[in-house]
Amino acid sequence: MSQKVLLNSKEVTIILHRLACQLIEKHLDFSDTILVGIQPRGVFLAERLKQILEDEYKVPEISLGYLDITFFRDDFRRTDKPLEANKTQINFIVEDKKVIFIDDVLFTGRSIRSALTAIQSFGRPSEIELLVLIDRRFSRNLPIQPDYRGRQVDAINDEKVKVSWKENDSEDAVYLITN
C-alpha cells in the first residue's frame, strides 16, 4: 500500500479560505443561508468554514447543522455489519432557506442523494448547493456535481482519498492511497 500527499496543511488552509470567499461572493450576508455538514466527515469541514467566515471575514451568525444520512442510504440493508448512526443536529427552520451541503469527498454521489432525501424531513429548502473539499472525477454513479470544490482529483477505483483533519487526526492533509 502506498500513500501520496495530495494536499498538505498549508494547501488545505489556502483552499478553505478560497471556498469561504466563494461562499461570500454568492451569499453575501448568509441571512437566508444554512451550512449543513454531512455526517461524519463533512462536519469538520463545515465547522472550519463557519469559523473562517465568522472570525476572519466577520460574517455574523451563520447557521450550522449536522445531517446524518445513515438510514437514508440505498445500501443501508446490504451490509453484514450493523451501521452506526451519527447525530443529526438541525435546530432551525430549513423551509425556504438556501442550504449548502458540505462534505469532505464527493465520490459516487450516493451520499448526496441520501442527504437530499434526509433534508426533506426538516422542510423544503428554496435552493440546495454542494461544497466539497475533494471532487473525485470519473467515479460518479449519479449525476451530481459540486457547486464549490477545493480540488479535483482523478483517482481510479482501487485508489482511496483520505482527508485528515487536525481536530480528529492531528493534522490537516489529504492523501491518495493505493492498495
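What you see is a predicted model, and the numbers here were worked out from it, not measured in a lab.

Caption draft 1: Fine view of the environment of N168. Residue position: N168 is located in helix α4 (residues 166-169). On the basis of relative accessibility, which here comes to 43%, the residue N168 falls in the partly exposed class. For N168 and R136, which are 32 residues apart along the polypeptide, the C-alpha to C-alpha distance reads 22 Å. Residues within four places of N168 in sequence aside, it is in contact with R41 and F44. One polar contact links N168 to D169, side chain to side chain, over a distance of 3.4 Å.

Caption draft 2: Molecular detail of the sheet that holds strand β7 (residues 159-164). Strand order across the open sheet formed by 3 strands is β1-β8-β7, with antiparallel pairing between neighbours. The outermost strands of the open sheet, each flanked by one partner alone, are β1 (2-7) and β7. When the angles between neighbouring strand axes are averaged without regard to direction, this sheet yields 25 degrees. Where β7 and strand β8 (residues 173-178) come together, 6 bridges link them in antiparallel fashion. When the sheet's bridge partners are listed, K160 is paired in β8 with I177. Here helix α1 (residues 9-27) sits on the sheet in contact with β1 and β8, set at roughly 40 degrees to β1.

Conventions adopted
- Residues numbered from 1 in each chain as written.
- Predicted model: local features only at pLDDT ≥ 70, side-chain atom pairs only at ≥ 80, totals over all residues.
- Heavy atoms only, no water.
- Helix = DSSP H or I, 4+ residues; strand = E, 2+ residues; numbered from the N terminus.
- Buried < 20%, exposed > 50% of the residue type's maximum accessible area, 1.4 Å probe, protein only.
- Contact = heavy atoms within 4.5 Å.
- Polar contact = N/O pair within 3.5 Å; in protein donor to acceptor, adjacent residues only side chain to side chain.
- Pairing = 2+ DSSP bridges.
- Axes fitted to C-alpha atoms, helices over the stretch in contact; angles between N-to-C directions.

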